[in-house]
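For reference, the chains in residue letters:
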Amino acid sequence: MSAAIEVRGLRKDYRAGLGGREVKALSGIDLAIEPGELFGLLGPNGAGKTTAVKILLGLTHATAGSASLLGKPITDPESRRRVGYLPEGHRFPGYLTARQTLSIFGRMSGVPPRALEPRIEDLLSRLKLSDWVDVKVKKFSKGMTQRLGLAAALVHEPEVLLLDEPTDGVDPVGRREIRDLLKAEAAKGRAILLNSHLLSEIELTCDRVAVLRNGRVAAMGTIEDLTKKGKETGDFSKGYKLAAAPLTEELIADFREKGASPERVNGHLRVLARDAQHLNSLIDAARARGTLLTELTPEKSTLEDVFVDLVKAMEPPQ
Amino acid sequence: MRALAANIEEVFREAAARWTLVAYFALSSLFILLFAVAVNLDVVNGALAGAKIFGQSVHMGRQSVDLDTLVLGFESGFAGFLYVVGTFLAIFATAHLVPRLMEKGTVDLYLSRPVGRVPILLSRYAGGMLLSASNVATLLGAMWLLVVWKTHLVHPRFLLAAGLILFGIAALMAFAFLVGTLTSSTAVSIMATFAVFFLSIVLANLHAHTAIFSSAWAVWLVDGLYWAFPKMVEIGRAVVGLVSGENGPIRNRTALSLAPFLSTGLFGLVSLGLACLRFSRKDF
């Protein structure tokens, strides 16, 4: 099966202003996103995420490299026939109603007018905009405009979706609905590329992510792979939050002796255990000193931790 | 084709929303209504024996006026008036089409569709031209019908003037599109296009009086600029000359030659070509 989105050695250089310094927005990235996959693109500001998406859509021209959408080179406008796009900070003409907006953009994507009407009704209903069908877009709230943007990206039933901050300005309930909708679209075999700053959204939605840094792919893999602690360092000790009373200096010294590297953090202890046996020996030691355990929670590395570590790694040493 | 039609429809919806279309048609209707109500002609044996404007009798003298000459005079004057006003209104009403398309957050929505950049730009140009054509056709057609109703004189040439008026608008609109793609500014597009219009008038006058220049290079410069710019004066004269026919001044009839139209057409084509080139190469 060929990838729905394929990017090979994509590079983009440009000059910042007339005679300004040369900026390398992308320095040769490779990506392959399969049909049915929900793929997250992460990176700090200026990492090249939006540039990559814009090149895929022909909004910006690549300096070097190649890319294809559903097997068609991106230089061919036809490659966008089955692609839906939700840009960040999009501005639909305010004088159009939701129905007119979807009708115009649907026809621009080649949908016959007869097929459009039921599709528009269905999409607006799924995105909870049924009561706003004939209201002008200028009266929409930010969250509603975002939902309409999503409807416009889906109106021609695309096989590839490129979404830039799709939940921006949407309330928590709406965010959950959009997440569910994206998962449902992926389940239909659509490849979805999600570009978001909300790491928790990416973590909850995506199967795989790539972290861009300085125009390069700094890390790529499943969320599970990336958040697996110690994968790169070779340290497989697992951290635990241990709340107990009393937390005496003797107990801490005991833990240190047992190689648990204890640290006081906000009134509890953070300890490292090599395995279950090691963890149980620590608990036994605490119980033997008459300490009452109130909480023992394994620490989990989040996508945010991975992201922050990667971004910090690129910063020059102070 | 479906995509291009959708783009053209959007141009009309935008014009309606911006009140451009409504204001233009309201003003046109008011003008036509005033003419219909205010002017009453007393025609006897094909000659104008008397006339009333707003109920007041117009003194005709002892001799009756030849109605055909009078109507042709009115029609050619009105066509000339519409050429200037229609051109200005058309530029005002359409100069925003490219800058608005190129706005951040908007351009992405259009360019991410399976339509090439050049067809997108050309469909907006076609939308702008259709908008201008509908305006010119309404005013010219309604006035023609009124004249036929009031005088029973039929001059089809009056309607043909619309073609020449639209030709001038097409050349200037192409230039406005070029400025729009270069600057992304509606205000600059309008100002630059009007500057071209007025400069073409100045150049036409200077070109007609090159004898006043003492140096050869000045003559060469004026001639060069004259042929590079659109011939808005000549097209205006041609509009009047076409309608008035044999009755009008000879300079208007001679303006109906091919050269001003060819150079103006070339100006429009080059402007539109450069606008397409710029739009298709730009990074958004």
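Residues numbered from 1 in each chain as written. Chains lettered and ligands numbered in written order. Predicted model: local features only at pLDDT ≥ 70, side-chain atom pairs only at ≥ 80, totals over all residues.

I'm lost on the overall build of chain B in this one. Help?
Scanning chain B from N- to C-terminus turns up 12 helices and four strands. Principal-axis analysis of the C-alpha atoms places the extent of chain B at approximately 70 × 55 × 30 Å. Sequence separation of 24 or more characterises 71% of the internal contacts of chain B that already satisfy a separation of 6 or more. (Helix = DSSP H or I, 4+ residues; strand = E, 2+ residues; numbered from the N terminus. Contact = placed C-beta atoms within 7 Å.)

Please explain helix α7 (residues 156–183) of chain B as it appears in this structure.
Owing to its 3.6 residues per turn, the α-helix brings residues three or four apart onto one side. All names here are of chain B. The end-to-end C-alpha distance of α7 is 42 Å, a good match for the 40 Å that 28 residues give at a rise of 1.5 Å each. Counted residue by residue, α7 has 20 buried out of 28 residues, so it is predominantly covered. Phi turns positive one or two residues past the end of α7, at S184, with a value near 60°. (Expected span 1.5 Å × (residues − 1). Buried ≥ 20, exposed ≤ 12 C-beta atoms within 10 Å, placed from the backbone.)

Looking at this structure, how should I read the packing of α7(B) against helix α12 (residues 258–281) of chain B?
When two helices pack together, their arrangement is captured by the angle between the axes and the distance separating the axes. Residues and elements named next belong to chain B. For the pair α7 and α12, interaxial distance at closest approach is 8 Å and the crossing angle is 25°. As judged from the angle between their axes, α7 and α12 are roughly parallel. α12 is crossed by α7, and the crossing has left-handed handedness. Here F167, A170, A171, A174, F175, F177, L178, T181 and L182 of α7 come into contact with α12, specifically with F261, T264, G265, F267, G268, S271, L272, L274, A275, R278 and F279. Looking at side-chain class alone, the contact of α7 with α12 contains 14 nonpolar, five polar and one charged residues. (Axes fitted to C-alpha atoms, helices over the stretch in contact; angles between N-to-C directions. Parallel < 35°, antiparallel > 145°, perpendicular 65-115°, else oblique. Left-handed = near helix turned anticlockwise from the far one by under 90°. Nonpolar A, V, L, I, M, F, W, Y, C, P; charged D, E, K, R; others polar.)

When you look at the confidence of the model for chain B in this model, what are you seeing that I'm missing?
Do not read the fine detail of predicted coordinates wherever pLDDT is low. Averaged over all residues, the pLDDT of chain B equals 87, while 92% of them reach at least 70. Across the whole predicted complex the pTM is 0.80, and at the interface the ipTM reaches 0.73. (pLDDT = per-residue confidence, 0-100.)

Hey, could you run me through the interface of chain B and chain A in this one?
Put simply, an interface is often sized by how much accessible area is lost when its parts join up. With 22 residues of chain B at the interface, the matching set in chain A holds 26 residues. The set of elements that each furnish at least two residues to the side of chain B that touches chain A consists of α1 (2–17) and α5 (107–111) of chain B. Looking at the side of chain B that touches chain A, the element that brings in the most residues is α1(B), giving nine residues. In terms of residue class, the side of chain B that touches chain A is built from eight nonpolar, five polar and nine charged.

For this particular structure, what's the right way to read the sheet that holds strand β9 (residues 208–213) of chain A?
In a beta sheet, neighbouring strands are held together by backbone hydrogen bonds and run either parallel or antiparallel to one another. Residues and elements named next belong to chain A. Reading across from one edge, β6-β7-β8-β3-β9-β10 is the order of the six strands in this open sheet, with mixed pairing throughout. Looking at which strands have only one partner, the edges of the open sheet turn out to be β6 (83–86) and β10 (216–222). Here the average twist between neighbouring strands, direction ignored, is 15°. Direction of pairing for strand β7 (residues 160–164) relative to strand β8 (residues 191–195): parallel, over a ladder of five bridges. The partner of V160 across the bridge, within β8, is A191. Sheet strands touched by helix α1 (residues 49–56): β3 (38–42), β7, β8 and β9. Its angle to β7, the strand with the most contacts, is close to 145°. (Pairing = 2+ DSSP bridges.)

Just to check I follow, could you spell out the environment of K72(A) for this structure?
Residue and element names in this part refer to chain A. Looking at the element boundaries, K72 is found in strand β5 (residues 72–73). Measuring from C-alpha to C-alpha, the distance between K72 and I5 comes to 9.5 Å, with 67 residues separating the pair along the chain. Sequence-distant contacts of K72, that is, excluding residues within four places in its chain, are made with E78 and S79.

When you look at the environment of E263(A) in this model, what are you seeing that I'm missing?
All names here are of chain A. Looking at the secondary structure, you find E263 in strand β12 (residues 263–265). Measuring from C-alpha to C-alpha, the distance between E263 and E6 comes to 46 Å, with 257 residues separating the pair along the chain. Setting aside chain neighbours within four positions, we find E263 in contact with L269 and R270.

Help me understand unusual backbone geometry in this model?
Most peptide bonds take the trans form, and the phi angle of most residues other than glycine is negative. All names here are of chain A. Along the chain, A245 connects to P246 via a cis peptide bond; the corresponding omega equals -10°. Along the chain, P246 turns up in the loop between β11 (238–245) and α8 (249–257). Of note in the backbone geometry, L70 takes a positive phi value of approximately 50° without being a glycine. Within the fold, L70 resides in the loop between β4 (64–69) and β5. Positive phi values are uncommon outside glycine, yet E157 reaches one of about 50°.

Explain α1(B) to me, please; I cannot follow it from the model alone.
The end-to-end C-alpha distance of α1(B) is 22 Å, a good match for the 22 Å that 16 residues give at a rise of 1.5 Å each. Within α1(B), burial applies to A3(B), A6(B), N7(B), E10(B), V11(B), E14(B) and A15(B). Each element contacted by the buried residues of α1(B) is listed here: α2 (98–108) of chain A together with α2 (20–38), α3 (67–94), α4 (97–101) and α6 (117–151) of chain B. Of the residues flanking the end of α1(B), it is W19(B), one or two places downstream, whose phi is positive at about 70°.

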